[in-house]
Amino acid sequence: MFSFVLSSGLLFIGLLFFIAGSIGMLRFPDSFSRLHAVTKADSLGLGSVIAGLMFYSSWWQNLLMLLIWLLVMASGTVSCQLLARFCKAKQDQA
């Protein structure tokens, strides 16, 4: 029972982070703020969802989910950096 409540709480927190990141992407004024909102919220949201799903999986599936989360965090960081550099270069040209 405790694991079900904890798992549901983590999944709900992940959902809230995803919703907050999506709202931030739509409402923030410039591209740098939007990038920050999306990358931070998605990383935390995915981490919470994976933590919530770990209660229902075997150790091998848990390891794979952790590796996927690390890959998503690394690729999100790199892509955010590249997009920020591109936006900065476009602003400098204007």
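Residue positions are counted from 1 within each chain, in the order its sequence is given. Local features in this predicted model are restricted to residues whose pLDDT is 70 or higher, and side-chain atom pairs enter the listing and the counts only when it is 80 or higher, whereas totals over whole chains, interfaces and linings include all residues. Note: side-chain values were computed over all heavy atoms of the structure, leaving out hydrogens and water.

Q: Honestly, the packing of helix H2 (residues 31-53) against helix H3 (residues 59-93) in this entry has me stumped. Any pointers?
A: Each pair of packed helices can be described by the angle between their axes along with the distance between the axes. All axes here are fitted lines through C-alpha atoms, helices being fitted over the stretch that makes contact, and every angle between N-to-C directions spans 0 to 180 degrees. By the criteria applied, helices consist of DSSP H or I runs no shorter than four residues and strands consist of E runs no shorter than two, each listed in order from the N terminus. Viewed as axis vectors pointing N to C, H2 and H3 meet at an angle of 175 degrees, and their least axial separation amounts to 10 Å. With respect to their mutual orientation, H2 and H3 come out roughly antiparallel. Here Ser31, Phe32, Leu35, Thr39, Ser43, Leu46, Gly47, Ile50 and Leu53 of H2 come into contact with H3, specifically with Met65, Trp69, Val72, Met73, Gly76, Cys80, Leu83, Ala84, Cys87, Lys88 and Gln91. Each residue belonging to the contact of H2 with H3 can be placed in one class, and the counts come to 13 nonpolar, six polar and one charged. These descriptions rest on fixed angle ranges, namely under 35 degrees for roughly parallel, over 145 for roughly antiparallel, 65 to 115 for roughly perpendicular, and the rest for oblique. Residues count as neighbours in contact if any of their non-hydrogen atoms are within 4.5 Å of one another. Here the nonpolar group is Ala, Val, Leu, Ile, Met, Phe, Trp, Tyr, Cys and Pro; Asp, Glu, Lys and Arg are the charged ones; every other residue, Gly included, is treated as polar.

Q: Quick question: what am I supposed to make of the side chain of Asn62 here?
A: Its place among the elements puts Asn62 in helix H3. Not counting chain neighbours up to four residues away, the residues in contact with Asn62 comprise Met54 and Ser57.

Q: For this particular structure, what's the right way to read H3?
A: In an α-helix, one full turn covers 3.6 residues, which means residues spaced three or four apart are oriented alike. Between its first and last C-alpha atoms H3 spans 51 Å; for 35 residues at 1.5 Å apiece the expected length is 51 Å, and the two agree. Asn62, Met65, Cys80, Ala84 and Cys87 are the residues of H3 that are buried. Contact partners of the buried residues in H3: H2. Helix span is expected to be 1.5 Å times the residue number reduced by one. Only protein chains enter the area calculation, which uses a 1.4 Å probe; residues under 20% of their type maximum are buried, those over 50% are exposed, and those in between are partly exposed.

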